[in-house]
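# Summary of structural features
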Amino acid sequence: MSEHTSAAPEIAEDGPGVVVQIPMRWGDMDAYGHINNVEIVRMLEEARIEAFGVPVGTGNQARPARVQLFDALPEGTQALVVEHRVRYVRPLEYSNIPAPTRVRIVKAAGAALILGIEIADPRTGEWCIRAHTQLAFFDPQSQTVLRLQPAQRELLAPYTGDPLFS
């Protein structure tokens, strides 16, 4: 019986943003053994929640977020996805090793928060997915979109990196 010795390559923690580990599920595969494109968008959501935590007033934040952005928002604020842009660089094949995923801030100005998210193959370390996700913070009480405050932009500054698309 052979011993399994392959380990996931390390994705440098010193790049822009934060690196989180996102598990793939067996049922995420398509007929070709790749993670289905719809499930990739779910993985983008999981990466966003792993990095920034559970939005205010939803779910239970059992452990602290890597970046405390949602904690800095007024109670009841909704974090709404405005847009996704996804580029499939290469197929992401299913693995029972979580996918290293880098989440960075691409833009934090006005009412726009754009995240850059890259998902790597956990076996090779090659980037498979590059995406931008734009969020807007919405106050359902006043029915208005909230602008990012200087303190929130300052909180996000250390996690800022270059856009993934031109």
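Overview of the structure. All of these numbers come straight from a predicted model, not from anything done at the bench. (Residues numbered from 1 in each chain as written. Predicted model: local features only at pLDDT ≥ 70, side-chain atom pairs only at ≥ 80, totals over all residues. Heavy atoms only, no water.)

We now examine the pattern of salt bridges. Counted by the stated rule, this structure contains nine salt bridges. When the shortest N-O distance is used, the salt bridge between Asp28 and Arg25 registers 3.0 Å. Classification of Asp28 by relative accessible area gives buried; the value is 1%. Looking at Arg25, the relative accessible area reads 44%, which means it is partly exposed. Overlapping salt bridges, with partners in common, bring together Arg25, Asp28, Glu39 and Arg42 in one network. (Salt bridge = Lys/Arg side-chain N within 4 Å of Asp/Glu carboxyl O. Buried < 20%, exposed > 50% of the residue type's maximum accessible area, 1.4 Å probe, protein only.)

Let us look at the pairing of strand β1 (residues 18-22). Within β1, four of the five residues are buried, which leaves the element mostly enclosed by the surrounding structure. Examined bridge by bridge, β1 and strand β3 (residues 99-109) share five bridges and lie antiparallel to one another. Residue pairing in the sheet places Val19 in a bridge with Arg102 of β3. (Helix = DSSP H or I, 4+ residues; strand = E, 2+ residues; numbered from the N terminus. Pairing = 2+ DSSP bridges.)

Fair warning: the whole summary comes from geometry, so function is off the table for now.
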